[in-house]
Amino acid sequence: MRPSLDTPIPPSSGASASAPTTTGAVRCVVALGNALGEGVMWSVREQAVYWVDILQRELHRWDPATSAHQRWTFDEEISAIAERAHAPGFIVTLRRGFALFDPAADIAPRYLHQPEPERTGNRFNDGKCDAQGRFWGGSMDFACEAPTGALYTYTASGDCVRHDDGFAVTNGPTWAPTAQGTAMFFNDTVQGTTYRYRCDPATGTVSDKTLWKRWPAADGVPDGMTTDAQGRLWVAHWGGGCVTCHDADTAGELARIPLPVSQVTNCAFGGADLCTLYITSARTGLTPEQLAAEPLAGALFAVDISTPGLPAHLFGG
């Protein structure tokens, strides 16, 4: 189930952009058995990888130079993080919205804004910052059924805007250059679809929502995703057991990395050269028989890619 050394990852037919290659096999770097590993992010300033276990309410940090692992436990779900540009610590999404948390300070996270107090069955899910320092975060129905989730931005000045609505489970976003200009991509996970929006970086607004890809059932459903330095999208597949790479304009598949687990949740580039793809996974909902067949379910994985990704954007506050 692993790509062999220095072998191109098989592209699909008709791909219009160059296909990346792996320079090693997929490896398990931290076998924690996360219930719902998510929110993976590489810290350039710390040269360490962070990720969350949403259902266990944990934030994790792993230092590849020393293999040192740390964890922080919260009173509610934590789902996504981004480093702050002008202060230590992170902006994070907790169950009800946006908060600040500094792992070096022995204090609880401090809420900044809770944008949907009336949606009591919701929690926040995936999110990240854009190049202008805005944090984009999506909410979702905790039961993954009702279309009560929405897409928000939160800025350093404290402004919160709801940009789209009507999702059962949200994942992403990520951004990439296209023939029509900068685009934002966002996953409607339950419906198995990815949407593309025209994005105005100056104003932080999105428009012209179009269907970018409807995923085949055999691929599971789209979960977290990231963009590399060549503008290609990398998408984790819940229930599909893989990460795939795609041309931003055509959605054509350029590469596929199989994982030894079925519930692949998110991915982010890291390492000193940003050529290591870190991948989270989950074990929640798997039967005893499935868990026996997937002993690494919930682990953090890594694979080296021939071309680099992009550093994670910082929150402007």
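Just above, that's the structure.
Residues numbered from 1 in each chain as written. Predicted model: local features only at pLDDT ≥ 70, side-chain atom pairs only at ≥ 80, totals over all residues. Heavy atoms only, no water.

Asker: If you had to explain the state of the cysteines to someone new, which residues and values would you point to?
Answerer: Put plainly, a disulfide is one covalent bond tying together the sulfur atoms of two cysteines. This structure, assessed with the given rule, holds 0 disulfides. A disulfide-free cysteine, C160 has its sulfur positioned 13 Å from the sulfur of C129, the nearest such atom. Of the residues examined, C160 reaches a relative accessible area of 27% and is grouped as partly exposed. Free cysteine C275: the closest other cysteine sulfur is in C245, separated by 13 Å. (Disulfide = S-S within 2.5 Å. Buried < 20%, exposed > 50% of the residue type's maximum accessible area, 1.4 Å probe, protein only.)

Asker: Give me the lowdown on the pairing of strand β14 (residues 170-178), citing residues and values where you can.
Answerer: β14 sits mainly inside the fold: 8 of its 9 residues count as buried. Here β14 hands over to strand β15 (residues 181-188) after 2 residues, the two strands then running antiparallel side by side. (Helix = DSSP H or I, 4+ residues; strand = E, 2+ residues; numbered from the N terminus. Pairing = 2+ DSSP bridges.)

Asker: Lay out the packing of aromatic side chains in plain terms, naming residues and giving numbers.
Answerer: Applying the stated rule across the entire model yields 13 aromatic pairs. For the pair F98 and F135, a centre-to-centre distance of 5.9 Å together with 80 degrees between the ring planes defines the contact as edge-to-face. Remark: F135 occurs in strand β11 (residues 135-141) and F98 occurs in strand β8 (residues 97-101); sequence separation between them is 37 residues. Note on accessibility: F98 and F135 belong to one class, buried. An angle of 70 degrees between the planes, with centres 5.1 Å apart, marks the rings of F185 and W212 as edge-to-face. (Phe/Tyr/Trp six-rings, centres within 6.5 Å; stacked < 30°, edge-to-face > 60°.)

Asker: Describe in detail the side chain of T226, supporting the description with residues and values.
Answerer: Relative to the helices and strands, T226 is located in strand β18 (residues 221-227). A residue is classified by how much of its surface remains accessible, and T226, at 11% relative accessible area, is buried. Each residue touching T226, except ones within four places of it in the same chain, is listed here: T174, R232, L233, W234, C267, A268, F269 and L277. (Contact = heavy atoms within 4.5 Å.)

Asker: Can you lay out unusual backbone geometry for me, pointing to particular residues and giving the numbers?
Answerer: Each neighbour pair has its own omega, and for G172 with P173 the value is 5 degrees, a cis peptide bond. Note that P173 resides in strand β14. With a phi angle near 60 degrees, R57 is a residue other than glycine that sits in the positive phi range. As for its position among the elements, R57 is in the loop between β3 (48-53) and β4 (58-63). Classification of R57 as partly exposed rests on a relative accessible area of 27%.

Asker: Explain the sheet that holds β18 residue by residue, including any values.
Answerer: Spatial ordering of the open sheet is given by β18-β19-β20-β21, a layout of 4 strands whose pairing is antiparallel. Each edge of the sheet is formed by a strand with only one pairing partner; in this case those strands are β18 and β21 (253-258). Adjacent strand axes in the sheet meet at a mean angle of 25 degrees, parallel and antiparallel pairs treated alike. (Axes fitted to C-alpha atoms, helices over the stretch in contact; angles between N-to-C directions.)

Asker: Report on the sheet that holds strand β12 (residues 149-154), specifying residues and quantitative values.
Answerer: Strands sit in the order β10-β11-β12-β13 across an open sheet of 4 strands; the sheet is antiparallel. Edge positions in the sheet fall to β10 (122-129) and β13 (160-167), since each of these pairs with one other strand and no more. When the angles between neighbouring strand axes are averaged without regard to direction, this sheet yields 20 degrees. With 4 bridges joining them, β11 and β12 adopt antiparallel strand pairing. The residue of β12 that forms the bridge with G138 is L151.

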